[in-house]
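Structural overview
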Amino acid sequence: MFNPAQFSPAIQQRRRGMPLTHDQRHPARAAPRIFADSANIRDIEPLYRAGIINGVTTNPTLVKKAGANSWQQAKEMLTEILILLAPNPVSLELTALTPEAMLAQAQELAALGSNAVIKVPVGGYRTVDTNADPLTGLKVIRELWQQRIHTNATLVFNTTQAFWAANAGASCVSPFLGRVADYLAKHDDELGSPGNSLYQTGREARFHNTEYVACGGSRQDSGSRLVQEIVTVFAHYDIRTEVLAASIRNPAQLTEMLLAGADILTVPAAILAGVADHPLTDLGMQAFCADAEVFSR
Ligand code: E4P
């Protein structure tokens, strides 16, 4: 867990350089932006109309889950979200896998709306095609930056990936903190916790727990510390690429992201629905409502 005192002057300074989230008069004008992590317009629309979110992130899994069964249906679904959210950003993920096909698909998606942000997997290309160029994602981000198309580098699991994506020109990077936490909850063995395997780069070391964070080795909060680490590096070097905390699972992780200095938090609709709740709030409401009955006489 973080110590709020760790919120360094460099991070504060970096946040001050970021675009305002709300109108100048709004008390939380400089707060991190909140996005819905969904492709379901029925979830997104009420949250947007209520001013709870000001952006959306989607991915192929979410688009399929929302009911799209073809590329055409996916584009129609995404266009509807782009129109609703405009001019706020909506991340649309590439599904093509070669640089040429990815760039063509990026053009196609960017043409759906001027608020489209093209989501590019930062790596992993060799898991689909062993002959693929491992730098495919970075090269596509670079080319799209040259074309002035905004990108979101996705599937980020360590600070190196985040730095290289920023260096390629990504508008934002998406560390998946919840998946790190899931992985550690499933695989970490406290007693036999491995040492820091950061410097093992062989394929067999790919899933060593401590690959995720350089600072402090593997712990249950490694996902949150990963975001803190990326924000710290970006602040130190004045990198303006936004840090979009993704794969958030619960209110504790949401708070950790606020303490980490994330620029954007993307949150599933089901988690957003519970952010105003707490068991003691429920008890307090029940007591107040019971006592307030006297005033309805
Ligand atoms: C981010 O943009 C992704 O869509 C998302 O946060 C992934 O989250 P998951 O781990 O819940 O699938």
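Note that the structure is predicted; figures quoted are calculated from it, not measured.

1. Re the packing of helix α1 (residues 9–16) against helix α10 (residues 222–236)
Between α1 and α10, the least distance of the axes is 9 Å, while the angle of their chain directions is 75°. With respect to their mutual orientation, α1 and α10 come out roughly perpendicular. Residues A10, I11 and R14 of α1 pack against V231, T232, F234 and A235 of α10. In the contact of α1 with α10, the residues fall into five nonpolar, one polar and one charged.

2. Some remarks on the pairing of strand β1 (residues 33–37)
With four of its five residues buried, β1 lies for the most part within the structure. Sheet analysis places β1 next to strand β8 (residues 264–267), joined by four bridges and oriented parallel. If you follow A36 over to β8, its bridge partner there is V267. Strand direction decides the pairing type here: β1 and strand β2 (residues 56–57), joined by two bridges, are parallel. Within β2, the residue paired with D37 across the bridge is T57. After leaving β1, the chain enters helix α2 (residues 41–49) and then returns to the sheet as β2, a path that is right-handed.

3. Let's talk about the packing of aromatic side chains
Inspection of every chain in the model, using the stated rule, returns two aromatic pairs. Aromatic pair F157 and F176: ring centres 5.7 Å apart, planes at 55°, arrangement tilted. Pair noted here: F157 is in the loop between β5 (151–156) and α8 (159–168) and F176 is in the loop between β6 (172–175) and α9 (177–187), with a separation of 19 residues, a long-range link. Overall, the relative accessible area of 21% leaves F157 in the partly exposed class. Its relative accessible area of 8% is what places F176 among the buried residues.

4. A look at the nonpolar core
Core analysis: the biggest nonpolar cluster contains 66 residues, and V120, V173 and M257 have the highest contact counts within it. With seven residues, helix α4 (residues 71–85) is the largest single contributor of residues to this core. Look past the residues within four positions of M257 in its chain and what remains in contact with it is L177, S224, V227, A245, I248, A262 and L265. Grouped together as the second largest cluster of nonpolar side chains are six residues, C172, F176, A246 and I264 included.

Rules and cut-offs
- Residues numbered from 1 in each chain as written.
- Predicted model: local features only at pLDDT ≥ 70, side-chain atom pairs only at ≥ 80, totals over all residues.
- Heavy atoms only, no water.
- Axes fitted to C-alpha atoms, helices over the stretch in contact; angles between N-to-C directions.
- Helix = DSSP H or I, 4+ residues; strand = E, 2+ residues; numbered from the N terminus.
- Parallel < 35°, antiparallel > 145°, perpendicular 65-115°, else oblique.
- Contact = heavy atoms within 4.5 Å.
- Nonpolar A, V, L, I, M, F, W, Y, C, P; charged D, E, K, R; others polar.
- Buried < 20%, exposed > 50% of the residue type's maximum accessible area, 1.4 Å probe, protein only.
- Pairing = 2+ DSSP bridges.
- Right-handed = clockwise from strand over helix to strand, strands pointing away.
- Phe/Tyr/Trp six-rings, centres within 6.5 Å; stacked < 30°, edge-to-face > 60°.
- Core = buried A, V, L, I, M, F, W, Y, C linked by side-chain atoms within 4.5 Å.

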